[in-house]
Amino acid sequence: MRIYKIIRPVIFRFEPEISHKFILNSLKLFGTIRLDERDDPLLENYLFGKKFSNPFGLAAGFDKNAEVIGGISNLGFGFTEVGTLTPKPQDGNPRPRLFRLRSDQAIINRLGFNNLGFNYAYNNIKKVNRKLPIGINLGANRETLNKVEDYLDGVEKFDNLAGYLTINISSPNTPGLRKLQQRDELDTLLKAFKTKSIKSKIFIKIAPDLSDENLQDIVSTAIKYQVQGLVVCNTTTERNYPLKDNCSIEKGGLSGPPLVDISARMVSDIFAVAGNRLTLIGVGGVSNGREAYERIAKGASLLQLYTALIYQGPFLIKNLKKELIQLMKDDGIRDISSLIGTAC
């Protein structure tokens, strides 16, 4: 942590996408160096047939093209989610499109699913040791005339490779995408999946900017079609949080601390209705062991991080695990599965 505090100002002198590319290249070069010891059995859990050595995963958006899965594993993560991937490569939105809100420890992005396409990522994933559960986050090309077909292409392409598949219908940076969260649209999408012999478990990534009615519709539809679970939640377009940084005026999805309370409340509300019928992956603002503990207690079986990694550096996961284990021991909790949903 101290080392990263020294080098972070240098990294932050560069435009965020340049810094991100530097970090990816560093993980490619030094990704064989493990920064964490073997995980404590307290954190181990088995979910939908997969072993997770700890509940912390890297959120989609960091390793868009599945280029540094080995390096991510050696940072101590229990799983990772690559993407968002689209059938065809696309450049995304014009730059600048990624902004650090340093005063708020937050990020705004309007990247627009920039990625190298299904085939590039597929070849990368085939090459790696897949002991670490890998989620594959799927999207639709911006100019596509049939978004459902793009998602169908994705689930068929990656079905044999995925630990699970995430259907991203909640990015605010692709026009019209969030309409797929509406009840009838989501019903059509999930009904189409039923026409295919999909072996991988399906998750739906949802937005934080949903009405209570819309959220209930999503939960009931997900249960109806027996999807594995929900990723709660994507970035927000709202600016209700008291932001300090000048970059807060930028358009795009906001992530980091402003999402802590929103995501936690959504996890709690969904778990209260769905219980064990949906596996919840909590994402949004988790940056310390206490927040992780509380999110799991509200109903999240797994957690994802991204923004905190940018601000706290490569030893973040090691510290989070240490803090979470101590909190569990203090409360007499013998294993991570026993903590899930205890606050509801």
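Provided above is the structure to which this section pertains.
Just so it is clear, the structure is predicted and the values come from calculations on it, not from any experiment.

A. Representation of the pattern of salt bridges. Per the counting criterion, the structure on display carries 12 salt bridges. Across the pair Arg95 and Glu17 runs a salt bridge whose closest N-O atoms are separated by 3.5 Å. A residue pair is termed long-range when its members are at least 10 positions apart, and Arg95 in the loop between strand S4 (79–85) and strand S5 (98–101) and Glu17 in helix H2 (residues 16–30) qualify at 78 residues. Using a relative accessible area of 53% as the deciding quantity, one classes Arg95 as exposed. Taking relative accessible area as the criterion, Glu17 reaches 12% and is therefore assigned buried. Between Glu143 and Arg142 there is a salt bridge; the shortest N-O distance is 3.9 Å. Of the residues examined, Glu143 reaches a relative accessible area of 66% and is grouped as exposed. Of the residues examined, Arg142 reaches a relative accessible area of 37% and is grouped as partly exposed. Salt bridges sharing common partners tie together Glu15, Glu17, Arg95 and Arg97.

B. View of the sheet that holds strand S13 (residues 302–305). One closed barrel accounts for 8 strands, arranged S3-S4-S7-S8-S9-S10-S12-S13; its pairing is parallel. Going from strand to strand, the sheet's axes swing by 25° on average, the running direction of each strand aside. With 3 bridges joining them, strand S12 (residues 279–283) and S13 adopt parallel strand pairing. If you follow Val283 over to S13, its bridge partner there is Gln304.

C. Highlighting empty space enclosed by the protein. In total, this model carries 1 cavity of 30 Å³ or more according to the counting rule given. Of the volumes computed, that of the largest cavity is approximately 140 Å³. Lining the largest cavity are 13 residues, with Pro16, His20, Leu98, Arg100 and Ile310 sitting closest to its centre. Breaking the lining of the largest cavity down by element, the ones donating at least two residues are helix H1 (2–11), H2 and S5.

D. Region of interest: the pairing of S12. Here S12 lies mainly inside the structure; 5 of its 5 residues are buried. Neither face of S12 is open: one carries Thr279, Ile281 and Val283, the other Leu280 and Gly282, and all of them are buried. Here strand S10 (residues 229–232) runs beside S12; their pairing, made up of 4 bridges, is parallel. When the bridges of S12 are listed, Val232 appears paired with Gly282. As a crossover connection, the stretch from S12 through helix H9 (residues 289–297) into S13 is right-handed.

Rules behind the numbers
- Residues numbered from 1 in each chain as written.
- Predicted model: local features only at pLDDT ≥ 70, side-chain atom pairs only at ≥ 80, totals over all residues.
- Heavy atoms only, no water.
- Salt bridge = Lys/Arg side-chain N within 4 Å of Asp/Glu carboxyl O.
- Helix = DSSP H or I, 4+ residues; strand = E, 2+ residues; numbered from the N terminus.
- Buried < 20%, exposed > 50% of the residue type's maximum accessible area, 1.4 Å probe, protein only.
- Pairing = 2+ DSSP bridges.
- Axes fitted to C-alpha atoms, helices over the stretch in contact; angles between N-to-C directions.
- 1 Å grid on protein atoms, 1.4 Å probe; cavity = no way out; pocket = protein on both sides within 12 Å on 5 of 7 lines; lining within 4 Å.
- Points joined across faces, edges and corners; volume = space filled by probe spheres on them.
- Right-handed = clockwise from strand over helix to strand, strands pointing away.

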